[in-house]
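# Survey of secondary and tertiary structure
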Amino acid sequence: MNNEEQRTRLGAAAREKAATFAPSAIAHRYESLFQILAAGRPRASMRATGSALWSRLRTALPSARTGALQIVPATPEAETLAPCPTATARVAADGTVSMRFDRGALPSEPLDFLMRMRRDPKGREVRVAIADLPDTAPGPTGIHLDPAVHDLAEGRWDCYISPRSAPASRVRLSCRLAERAPRVDLDPLVAHDQVVAWLPYTTNDGFLALRVWQRPAHAEADTVTVTDDRVDVSARLITPDAVLLPENTSVVAVSRQGEGHDFTVPVTGIRRETGVFTFSVPYAQALSRRADDHDLWDFFLRLGHHTAPIPIGRIGGDIVDRKTTDVAPAALLAHATRGQTRVKPFFTVTNDLALSVRSVEPSQSSESSPGV
């Protein structure tokens, strides 16, 4: 760097290169790119492919030598590029869900709204016809979903638009807004002799999906109170038919390590007319049954000795994933062989109540963690 001539030449080259990334230059490239992508765009075609989009984006990249934007005429293949269909979803207080679609992004052909259950070995799907409207009709078009009409299995359902003439084709719906406020603090519904809750939501990658809970019976956890050595829970039994809690009702903590690590705690404070009950889980019960560095127990209500267990959780209200919102503090307890142990109740990915018992390093003992 003692060479003055070389330093001057390198400095001039650096300034020239930096100028290609100036805000005005970048803004100009964006404007030109949008003009290319929007030029001559017809009504959407369901045959549009990702290669057409890449073809346009590639031609809009700056050249390696000058950084200038290359403007090329749109190719016939690029003319089929379809805007992504977009939907707005809203769940009403009665649990029904309405979907509204931006008509300008829909193909001009008879269409169905399609829902497919995610990771379903049976490949279950539900189709609802979208009303055919003339191009001159004002406003968006849409469909209405009712738990009393549509019987959806518990899980996550992804949403698509599909041409009626080609049922195997589909395009996933982007989500502009998923409104769930009308369901705040409301209980799950009863439909098809099942306890049901539906909530639309936006996935991490911006698409529309519907979270569905459907089970023969459910115990809704109203309060979860944590102390230094136990968790106290108040919940309500919800069933399609009136069921009185028997005197021998209990809560079973089912270990993910195997039946040999399960334990049972009694139910107290039973209000038979409302289905409300309370129970306490002493952390010592779980500590004495540790089998791994991270032990997990799921809680179920059992009505007598020979009935199917009923999940305890929070599927009412407007929150899709309770695991990140309804977070309880952890307790640090000593274990005779595994040392410091973090114990905390939490809600699982299905919004059911569980208990986490995890070994911690001494350096982590003074740290609080919202995770499981």
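Residues numbered from 1 in each chain as written. Predicted model: local features only at pLDDT ≥ 70, side-chain atom pairs only at ≥ 80, totals over all residues. Heavy atoms only, no water.

Assigned secondary structure in the protein chain consists of 4 helices and 21 strands. Counting all 372 residues of the protein chain, 42% fall into the buried class. Once local pairs closer than 6 in sequence are excluded, the contacts in the protein chain between residues at least 24 apart make up 65%. Carbon and sulfur atoms make up 54% of the accessible area of the protein chain, which amounts to about 19,700 Å² in all. (Helix = DSSP H or I, 4+ residues; strand = E, 2+ residues; numbered from the N terminus. Buried < 20%, exposed > 50% of the residue type's maximum accessible area, 1.4 Å probe, protein only. Contact = heavy atoms within 4.5 Å. Areas by Shrake-Rupley, 256 points an atom, 1.4 Å probe, with all protein chains shown as cover.)

Here we take up the side chain of Asp352. Position of Asp352 among the secondary structure elements: in the loop between β20 (339-347) and β21 (353-359). A distance of 2.9 Å separates the side chain of Asp352 from the side chain of Arg215, its partner in a polar contact. Here Asp352 is in contact with Arg215, Pro311, Ile312, Gly313, Phe346 and Phe347, once residues within four sequence places are set aside. (Polar contact = N/O pair within 3.5 Å; in protein donor to acceptor, adjacent residues only side chain to side chain.)

A word on the packing of aromatic side chains. Scanning the entire structure with this criterion turns up 4 aromatic pairs. In this structure, Arg170 packs its charged tip against the face of Tyr160, placed 5.2 Å from the ring centre. One Lys or Arg, Arg211, reaches over the ring of Trp213 and ends 4.4 Å from the middle of that ring. (Phe/Tyr/Trp six-rings, centres within 6.5 Å; stacked < 30°, edge-to-face > 60°. Lys NZ or Arg CZ within 6 Å of the ring centre and 35° of its normal.)

Of note in the backbone geometry, His192 takes a positive phi value of approximately 55° without being a glycine. Look at His192 and you get partly exposed, because its relative accessible area is 35%. Phi at Asp193 is positive, roughly 60°, even though this residue is not glycine. Its location among the elements puts Asp193 in the loop between β9 (189-191) and β10 (194-202). Classification of Asp193 by relative accessible area gives exposed; the value is 60%.

Our next topic: the pairing of strand β11 (residues 208-215). Counting buried residues in β11 gives 8 out of 8 residues, a clear majority hidden from the surface. Of the two faces of β11, the one carrying Leu208, Leu210, Val212 and Gln214 and the one carrying Ala209, Arg211, Trp213 and Arg215 are both buried. Relative to β11, β10 runs antiparallel, the two being bridged by 8 bridges. Residue pairing across strands places Pro200 opposite Leu210, the latter belonging to β11. (Pairing = 2+ DSSP bridges.)

Turning our attention to the sheet that holds strand β1 (residues 86-91). The mixed open sheet is built from 4 strands, whose spatial order is β5-β2-β1-β8. The sheet is open, and its two borders are formed by β5 (141-145) and β8 (174-179), each paired with just one other strand. On average, adjacent strands in this sheet sit at an angle of 15° to one another, irrespective of strand direction. Summarising the sheet, strand β2 (residues 97-101) and β5 pair through 5 bridges and their orientation is antiparallel. By the bridge assignment for β5, Arg100 is matched with Gly142. (Axes fitted to C-alpha atoms, helices over the stretch in contact; angles between N-to-C directions.)

Now for the side chain of Arg322. Mapped onto the fold, Arg322 is located in the loop between β18 (310-313) and β19 (331-335). The exposure class of Arg322 is buried, given its relative accessible area of 10%. Beyond its immediate chain neighbours, meaning those up to four positions away, Arg322 contacts Arg314, Gly316, Gly317, Phe347 and Asn351.

This paragraph deals with the confidence of the model for the protein chain. Looking at the protein chain as a whole, the pLDDT averages 84, with 80% of positions reaching at least 70. Below a pLDDT of 50 lies the segment residues 40-81, which in the model reaches 64 contacts outside its immediate sequence neighbourhood of four places, other chains included. (pLDDT = per-residue confidence, 0-100.)

Here we come to the environment of Leu199. Relative to the helices and strands, Leu199 is located in strand β10. Judged by relative accessible area, Leu199 falls into the buried class, the value being 1%. Along the chain, Leu199 and Trp213 lie 14 residues apart, while their C-alpha atoms are 9.0 Å from each other. Apart from residues lying up to four places away in sequence, Leu199 is in contact with Val91, Arg180, Arg183, Ala209, Leu210, Arg211, Trp213, Gly317, Asp318, Ile319 and Val320.

Another aspect to go through is the pairing of strand β4 (residues 125-129). Along any regular strand, the residues point their side chains to alternate faces of the sheet. Residues Val126 and Val128 of β4 are buried on one face, while the alternating residues Glu125, Arg127 and Ala129, pointing to the opposite face, are not. Where strand β3 (residues 111-117) lies against β4, 5 bridges are found, and the strand directions are antiparallel. Within β4, the residue paired with Met115 across the bridge is Val126.

Right, let's talk about the nonpolar core for a bit. Ranked by internal contacts, the top residues of the largest apolar core, which has 39 residues, are Met99, Phe101, Phe113, Met115, Leu145 and Trp157. A total of 6 residues in this core trace back to one element, the largest contributor, which is β10. Discounting chain neighbours no more than four positions away, the residues touching Trp157 are Met115, Arg116, Met117, Arg124, Glu125, Val126, Leu152, Ala209, Leu210 and Val212. Counting 32 residues, the second largest nonpolar core, distinct from the first, contains Ala219, Val251, Leu355 and Val357. (Core = buried A, V, L, I, M, F, W, Y, C linked by side-chain atoms within 4.5 Å.)

In the structure shown here, the tally under the stated rule is 21 salt bridges. Arg338 is the salt-bridge partner of Asp293, the closest N and O atoms lying 3.1 Å from each other. Taken together, the positions of Asp293 in the loop between α4 (283-287) and β17 (294-303) and Arg338 in the loop between β19 and β20 put the pair 45 residues apart, joining distant regions of the chain. On the accessibility criterion, Arg338 (29% relative accessible area) is partly exposed. (Salt bridge = Lys/Arg side-chain N within 4 Å of Asp/Glu carboxyl O.)

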